[in-house]
Amino acid sequence: MSYHKDFCWLQKKKLKNHPFNNFIIKNATSLHETLKKEVAYFFEISLVEESEASLILEVKEESSIHPEGYKITAENKQVRIISSSDKGLLYGVYHLIRLFQKTKFVEEEILSEPENQTRMINHWDNFDGSVERGYAGKSIFFEKNSFRRDDENNELYARLLASIGINSLTINNVNVHKEESYFITDKYLNEIAHLASIFRKYNIKLFLSINFASPIEIGNMKTADPLNEEVQEFWNKVTKDIYDVIPDFGGFVVKADSENRPGPFTYGRTHADGANMLGRALKKHDGIVFWRCFVYNNHQDWRDRTTDRARAAYDHFYELDGEFNDNVILQIKNGPMDFQVREAVSPLFGALKETNQVLEFQITQEYTGQQKHIFYLVPQWKEVLDFDTWMKGKGSTVQKVLKEYPAKQKNNGITAVVNVGRDENWTGHKLAQANLFGYGRLIWDPSLSSDSILEEWMNGTFELSSNGKEILKSMMLNSWDTYEKYTSPLGIGWMVEPGHHYGPNIDGYEYSMWGTYHFSDSKGLGVDRTVATGTGYTRQYHDEVFEQYEDVATCPEELLLFFHHLPYNYQLKSGKTIIQHIYDTHFEGYEEVERYQVKWKSLKNEVDETTYLNVKERIKEQLQSAREWRDQINTYYYRKAGIQDKKGRTIYS
Ligand code: GCW
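- Where an unreviewed UniProt entry is consulted, the protein appears under the name Xylan alpha-1,2-glucuronidase, with the organism given as Jeotgalibaca ciconiae.
- Under Catalytic activity (unreviewed entry), UniProt gives the following word-for-word description of the protein: "Hydrolysis of (1->2)-alpha-D-(4-O-methyl)glucuronosyl links in the main chain of hardwood xylans."

## Digging into the confidence of the model for the protein
1) Next: The share of residues in the protein with pLDDT of 70 or more is 99%, and the mean pLDDT across the chain is 96.
2) Next: ipTM for the predicted complex: 0.99, alongside a pTM of 0.98.

## Some words on the sheet that holds strand 13 (residues 288-292)
The strands making up a sheet associate through backbone hydrogen bonding, with each pair oriented either parallel or antiparallel.
1) Next: Strand order in the closed barrel formed by eight strands is 7-10-11-12-13-14-15-16, with parallel pairing between adjacent strands. Ignoring which end each strand starts from, the neighbouring axes of this sheet average 25° apart.
2) Next: Relative to strand 14 (residues 328-333), strand 13 runs parallel, the two being bridged by four bridges. Within strand 14, the residue paired with Val289 across the bridge is Val328.
3) Next: Set on the sheet, helix 7 (residues 271-283) makes contact with strand 12 (251-254), strand 13 and strand 14; between it and strand 13 the angle comes to about 160°.

## Looking at the UniProt feature "domain: Alpha glucuronidase N-terminal" (unreviewed entry) in the protein
1) Next: The residues that UniProt annotates with the feature "domain: Alpha glucuronidase N-terminal" (unreviewed entry) are residues 26-96.
2) Next: Within residues 26-96, the helical portion is 32% and the strand portion 28%, while the C-alpha atoms at the span's ends are 17 Å from each other.

## Observations concerning the domain arrangement of the protein
1) Next: For the protein, the domain assignment lists domain 1 (12-112), domain 2 (118-461) and domain 3 (483-527 + 565-641).
2) Next: Taking only C-alpha atoms into account, the centre of domain 1 sits 31 Å from that of domain 2.
3) Next: Contacts between the two partners involve 11 residues from domain 1 and, on the opposite side, 10 residues from domain 2.
4) Next: Ranked by residue count, the leading element in the side of domain 1 that touches domain 2 is helix 2 (residues 86-101), at six residues.
5) Next: Residue composition of the side of domain 1 that touches domain 2, grouped by class: four nonpolar, three polar and four charged.

## Focus on the sheet that holds strand 2 (residues 46-47)
1) Next: With mixed pairing, six strands are arranged side by side in an open sheet as 2-1-3-5-4-6. Looking along the sheet, the strands with just one partner apiece sit at the ends: strand 2 and strand 6 (110-112).
2) Next: Sheet analysis places strand 1 (residues 22-26) next to strand 3 (residues 55-59), joined by four bridges and oriented parallel. Across the sheet, residue Ile25 finds its bridge partner in strand 3, namely Leu57.
3) Next: In this fold helix 1 (residues 32-43) packs onto strand 1, strand 2 and strand 3, with an angle of close to 165° to the strand it touches most, strand 1.
4) Next: Sitting on the sheet, helix 2 touches strand 3, strand 4 (70-75), strand 5 (78-83) and strand 6, and the angle it makes with strand 4 is about 55°.

## Things to note about the packing of helix 14 (residues 479-486) against helix 17 (residues 578-601)
1) Next: Contact geometry for helix 14 and helix 17: axes closest at 7 Å, N-to-C directions at 130°. Taken together, the axes of helix 14 and helix 17 lie oblique to each other. Crossing handedness for the pair helix 14 and helix 17: left-handed. Contacts between helix 14 and helix 17 involve Thr482, Lys485 and Tyr486 from the first element and Thr585, His586, Glu588, Gly589, Tyr590, Glu592 and Val593 from the second.
2) Next: By residue class, the composition of the contact of helix 14 with helix 17 is three nonpolar, four polar and three charged.

## A closer look at the pairing of strand 11 (residues 205-210)
1) Next: Most of strand 11 is tucked away, with six of its six residues classed as buried.
2) Next: Residues of strand 11 alternate between two faces, with Lys205, Phe207 and Ser209 on one and Leu206, Leu208 and Ile210 on the opposite face, all of them buried.
3) Next: Of the strand pairs in this sheet, strand 10 (residues 168-170) and strand 11 are connected by three bridges, and their pairing is parallel. Paired with Leu169 across the two strands is Leu206, which belongs to strand 11.

## Some details on the nonpolar core
1) Next: By size, the foremost hydrophobic cluster in this structure holds 186 residues, and its most contacted members are Leu89, Leu161, Leu169, Val254 and Val289.
2) Next: For this core, the leading source of residues is helix 2, giving nine residues.
3) Next: If we ignore the near neighbours within four places in the chain, the residues touching Leu89 are Ala28, Leu31, Leu35, Leu57, Val59, Tyr70, Ile81 and Ser83.

## Details of the environment of Lys205
1) Next: Inspection of the secondary structure puts Lys205 in strand 11.
2) Next: Counting along the chain gives 134 residues from Lys205 to Phe339, while the straight-line C-alpha distance between them is 26 Å.
3) Next: Setting aside its immediate chain neighbours within four residues, Lys205 contacts Asn167, Ser168, Asp248 and Gly250.

Analysis parameters
One numbering rule holds for all chains: residues counted from 1, following each sequence as written. Reporting in this predicted model follows two pLDDT cut-offs: at least 70 for local features of residues, and 80 or more for side-chain atom pairs to be given and counted; totals over whole chains, interfaces and linings ignore these cut-offs and use all residues. UniProt positions are given in the numbering used here, feature names are shortened, and annotations may be inferred rather than shown by experiment. Scored from 0 to 100, pLDDT records how confident the predictor is in each individual residue. Pairs of strands are assigned from DSSP output, requiring at least two bridges between the strands. Secondary structure follows DSSP: runs of H or I at least 4 residues long count as helices, runs of E at least 2 residues long count as strands, and numbering of each begins at the N terminus. Fitted lines through C-alpha atoms serve as axes, helices being fitted only where they are in contact, and the angles separating the N-to-C directions of these axes extend from 0 to 180 degrees. Residues are defined as contacting one another if the C-beta atoms placed from their backbone atoms lie within 7 Å. These domain boundaries are the output of an automatic or database domain assignment. By the convention adopted, Pro, Cys, Tyr, Trp, Phe, Met, Ile, Leu, Val and Ala count as nonpolar, Lys, Arg, Asp and Glu as charged, and the other residues, Gly among them, as polar. For classification purposes, angles smaller than 35 degrees are called roughly parallel, those larger than 145 roughly antiparallel, those between 65 and 115 roughly perpendicular, and all remaining angles oblique. By convention, the crossing between two helices is left-handed when the near helix turns anticlockwise from the far helix through less than a right angle, and right-handed when the turn is clockwise. Three exposure classes are used. Buried residues have 20 or more other C-beta atoms within 10 Å of their own C-beta, exposed residues have 12 or fewer, and partly exposed residues fall in between, all C-beta atoms being placed from the backbone. A set of buried residues drawn from Ala, Val, Leu, Ile, Met, Phe, Trp, Tyr and Cys, joined through C-beta atoms within 7 Å, is what defines a nonpolar core.

Below is the structure:
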């Protein structure tokens, strides 16, 4: 067994002088031991009985504070954390740790309550130890079709997740292969229960990804038809067996009828039929189903320009609004395509009025540099949460929609595919730790700025001078822009190597069945998604948004080619033509990565050697890769359009 040595942002030594000499815990029950352990560990103080203790953790059931929220007050040399449940105290303790990781502790009253009820992490880990779209080594949970049982590591992971407010977790890939289908049976339930017991200590509920065809795959049945009574019985029994050993089991995550996975379509049933069947089985145990909306035709004919993958989720799910049981939650990716560097926000947000929903982000950097490139994702996620759907007029942001629809929702929130693996620093690229940290912090409180989240992460992780902090911030806060510049222009996306999705291959998906095209020819490029002349995707938005996207003059430029097919000499607001913009941004992007090298070097004496070398190596790779992106894209468009770079730089013809 190998243990992670990297505590990421939970570094005890980063705690500045604190005034506590002892602490007391009042009325906590289920998490009492965890609270005791964490406070004693971080502040190096002991639990006492006296009420004059300097740090007081107290559950006040009658208080109006959200069960996962907390209040921190400081008075008469006593700091108090109060909540209406143990859970809130736990999050309050981590908040206190963050306060002392800052240079100074300001005595002010703090009230913090989570904006999202479900705050989840999804692993795409396979039982054989591999991780789908994983860039940080193998699975922390599995190896060679067995459980690794690395309890010490799992507990540290649970702490890392709890410290950023995560309360739900799946451990296995949504593509549930043969052996993983048995996770819900006696064969493995004891192992699952063991993991659940570790995460439970940190208020994290365990869920499993399941195979919709389980009745056939593992139940020896002939059908998985959701309206068949025996199939329903199968699932009733499965859930009963699970709850017998894991009484607080969370429920299921399901990828059905998606990328060749089985689903209700096989039986001529709807997604509501499929999801509700599982919902019924889980209902009496208080379990829930996360049903993914990543459903599209992945056998498309590239010759057909009317089918538009972007339309798929809405086309499949909008008409089912209101048909899902109350313990079924639709899990919707942030964009209509697939976690691209830049794409529109899914129009399902703001369309579904009577359906529970969680939004799905991707922390693992599948299309965003695979943890070899620096890409701080928080600014991108913020843009999604702040996006105005106009559902109920101006100000109907995605975050508001998640909170307010449907009226009686209690499990709405956010989930994300995680970026951790067995690498010593958890995320492969040390700076990618900021994305995991930032995800948790942002979904707890979406009003936090990208900058302040980054600052918190740096305070917990490094001991940087203020100049050092500014340098690192300047790299990370601009990293989305930089990456976007040297990769795909103006919202196009998908110009990656098919399969593994790393590095440029401009036509890699152009004649494929995946529905991901850019349609570049000698005159222009981009996907026409307008009602007037294109696929009509723009109509999936409310009027105000529809009109903005439909008209090329008002369409935000960063999404111009996502919505429109335009000629190379189309003039942007900057006065540049599209082709000149492509050339300029690709040269600039590369140069910005060159500057990363210089900047990182200047931090050599401010970070530990392992971190220094890790990031240095990765920037070297990033630069190589950015060069490839720059030259392939510039050459490709130069050859297509035959238009010279106005600045006469080297473009390989
Ligand atoms: O982004 C795509 C990935 C697949 C993934 C799929 C999904 C788990 O390339 O690897 O499968 O999305 O979200 O289901």
